[in-house]
Structures are given as C-alpha cells and as structure tokens.
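Per-entry structural report
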Amino acid sequence: MLNLTTLTGAARVAGVMGWPVSHSKSPMLHRTWLTRYGIDGAYVPLAVAPQNLADAVRGLPALGFSGANVTIPHKEAVVAMMDRLTPTAARLGAVNTIIIEPDRSLLGDNTDGFGFIENLKSDPAGWTGRGGHAVVLGAGGAARAICAALIDEGMNRISVINRSRDKAVRIAADFGSVIEPRPWTETDLSFALKSADLLVNTTALGMIGQPDLSVDMALLPDHATVTDIVYNPLQTAFLMDAAARGLRVVDGLGMLLHQGRPGFRAWFGLDPEVTDEVRTAVLGGS
Ligand code: NAP
C-alpha cells in the first residue's frame, strides 16, 4: 500500500504513537489518502512504550515529522508535553493529534468529537442534533469527547449512563448541567431511553472478545438514531437490535475515518474525503 517509489527526500512524514500500535487502523487510513491524492508523504506506526513517550514526542520535530496521532494509552499523558493545546484538547484533557508548527512547537488537538459528529452528519438520512436528548452509554475518554461535541452541536440534554457512576458524575462536573449522570440500572436506562433522540454506545461492550451490549430498543421513540462507536465488528449486536426495531443506525467506522481528517489536512495540506473506497481499504487493510 505504501508506494515507496514515489517518496522523495522532501516527503512529509507523520505517524501514530501507541503501545501496542500494531492494531491501529490509522496507517491504512492515511496511506489510502496519500495514495489517492498522490502526495509525497508517509505515515508510519510508532510503537512507543510509556516510559519513552516524552523522548519520542520531543524527537518528532527533531526528526522533521509534520506531526502524529496519539492512541491508547498515551492520550492523556501527552497533554503535558504540548507547547499549546486547542480549546477542545484543553477541555478534554486528552490529545489524539499532534501538529508540529513551523517554529517546531507542538500543538495538541483532539478530533474524536469532530469525527463522531461528522460521521452522524454524513449519514444519508441527514442527522441534525439541535435541541434533542442524547443518551450516552459509557463515560470513558471517548464518551467525554462525544459529550463535549454533542453540547457544541446544541443537544440540550445528555444522559450519561455508566457502570461506574463516578466517571459520569465527573463529566457532569466538567461540562455542566446539560449532562445528567445516571447509574447503569434497568430503571435509569428505561427512563432515559423513552425520550432519547440519539442513543450512543461508547463502552467497550460489543467489541470482539467482549460481551455484547443488550438494550431494550423497544423503549426508544420511533424517530431515534442509534450509533455504536465500536467498529470491530462493524455490525454489533447493539446496532443489529436497533435496525431490527426499524431505527436509524450509524456504525462506528466513520468516526475513526473522520477523526483523521484534521491531522491529515495539517500534515499533508488537504482535507481528505471519506469515501466507500477508504472504508473498504480500512476495513480490509493490514
Ligand atoms: P475507556 O476510556 O477505557 O472507557 C471504556 C468505557 O467502557 C467505560 O465507560 C467503561 O465503564 C465501559 N466498560 C468497559 N467494559 C464494560 C463492561 N463490561 N460493562 C459495562 N461497561 C463497560 O475507553 P474509550 O477510549 O472511551 O473507548 C471505548 C470504546 O470506544 C472502545 O471500544 C474503543 O475501541 C472505541 N472507540 C472508537 C472510536 C472510533 O473512532 N470509532 C474512537 C475511540 C474509541 P467503567 O467506567 O465502569 O469502567
């Protein structure tokens, strides 16, 4: 996939730092775009152990990198290593995209929420979130990014339901009264689902190797949209249950693809398109 014959000495270089990093779909995503647009650039996996993170981040400008993505487990630790943060990264306390500025300083951004919203908006049925009620299952890093983005999109009520209620309470403390933290009980779930315009799974449930997530989709209003940010497998039991109930469903792959766009634009100079070809390459790629 990486066409080394077209790389010159002036190639722009970016990568993804994680530990482990071999599971990351980002190299396939960015290489598909680089090839599609014929860009003199490369995107590489960077296996960086936690104890080497500071050295690796400091080394990016020294090596002439344009920037990097940051994935598990480094998203929070890398914040203190940035020279500047975008307002979104500062608000979330997590960075998934590093941009090396012309003066070699490090700008940290977080594009997970952008990716989530763009994925919903690119749904053919046309999602508009203004003023509705979202139910977010889970309260981890992805849930924080999604809650912030949903607030910015004008949702006026967001129920955050998590196994460990303290994390949901923390999101409410950080983001304000639009967030309603709830424990994961049948009563709390039923109460929230009955008026949900949007239901989001941000837990790890449904991922390969994890138990399925089972929710009573009959409780949701007919117009509700259901989305899962788990994309491995693409069609989770959660989404299949929602589709069987006749609800609009949006899978999680698009979030991954769209969150990559701001980094690609900063490093390689154009806003890349999320197309079926890109989806297929990332789904099948290695
Ligand atoms: P995280 O910070 O570790 O949070 C994990 C969340 O899942 C927590 O709310 C946790 O609840 C919950 N959870 C885990 N196991 C559970 C179980 N057995 N029962 C109930 N809840 C459970 O992880 P994250 O970064 O937010 O990522 C969450 C998921 O989203 C992962 O599957 C990840 O691959 C996916 N993701 C997808 C994208 C995308 O682009 N599509 C982007 C980011 C993440 P507790 O707080 O109670 O532990």
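Residues numbered from 1 in each chain as written. Predicted model: local features only at pLDDT ≥ 70, side-chain atom pairs only at ≥ 80, totals over all residues. Heavy atoms only, no water.

Some points on the overall build of the chain
Each helix and strand counted, the chain has 11 helices and 12 strands in total. Each principal axis of the C-alpha distribution contributes one length, and for the chain these read about 60 × 35 × 35 Å. Going through the 286 residues of the chain one by one, you find that 52% of them count as buried. Contacts in the chain between residues far apart in sequence, at least 24 positions, make up 65% of those at least 6 positions apart. (Helix = DSSP H or I, 4+ residues; strand = E, 2+ residues; numbered from the N terminus. Buried < 20%, exposed > 50% of the residue type's maximum accessible area, 1.4 Å probe, protein only. Contact = heavy atoms within 4.5 Å.)

Description of the site of the ligand
If you check the shell around the ligand, you find 20 residues, and the closest are Ala-142, Asn-162, Arg-163, Ser-164 and Lys-167. Contacts to the ligand include Asn-162, whose side-chain N or O atom sits 2.8 Å from an oxygen atom. Against a free-state accessible area of 920 Å², the protein chains account for coverage of 76% of the ligand. Because more than half of its atoms lie within 2 Å of the grid, the ligand is assigned to the largest pocket. Looking at side-chain class alone, the shell around the ligand contains 10 nonpolar, 8 polar and 2 charged residues. (Near = heavy atom within 4 Å. Polar contact = N/O pair within 3.5 Å; in protein donor to acceptor, adjacent residues only side chain to side chain. Areas by Shrake-Rupley, 256 points an atom, 1.4 Å probe, with all protein chains shown as cover. 1 Å grid on protein atoms, 1.4 Å probe; cavity = no way out; pocket = protein on both sides within 12 Å on 5 of 7 lines; lining within 4 Å. Sits in = over half its atoms within 2 Å of the grid points. Nonpolar A, V, L, I, M, F, W, Y, C, P; charged D, E, K, R; others polar.)

Some thoughts on the layout of surface pockets
If you add up the space inside the largest pocket, you get close to 1,400 Å³. What lines the largest pocket is a set of 45 residues, and nearest its centre among them are Ile-72, Ala-142, Thr-202, Met-207 and Ile-229. Mapped by element, the contributors of at least two residues to the lining of the largest pocket are strand S3 (67–70), helix H5 (141–152) and helix H9 (253–259). No other element matches H5, which puts 4 residues into the lining of the largest pocket. Tallied by class, the residues present in the lining of the largest pocket amount to 18 nonpolar, 20 polar and 7 charged. In this model, the second largest pocket occupies a volume close to 270 Å³. Among the elements of the structure, strand S12 (248–250), H9 and helix H11 (276–284) are those that each provide at least two residues to the lining of the second largest pocket. The element contributing the most residues to the lining of the second largest pocket is H9, with 3 residues. Grouping the constituent residues of the lining of the second largest pocket by class yields 6 nonpolar, 6 polar and 4 charged. (Points joined across faces, edges and corners; volume = space filled by probe spheres on them.)

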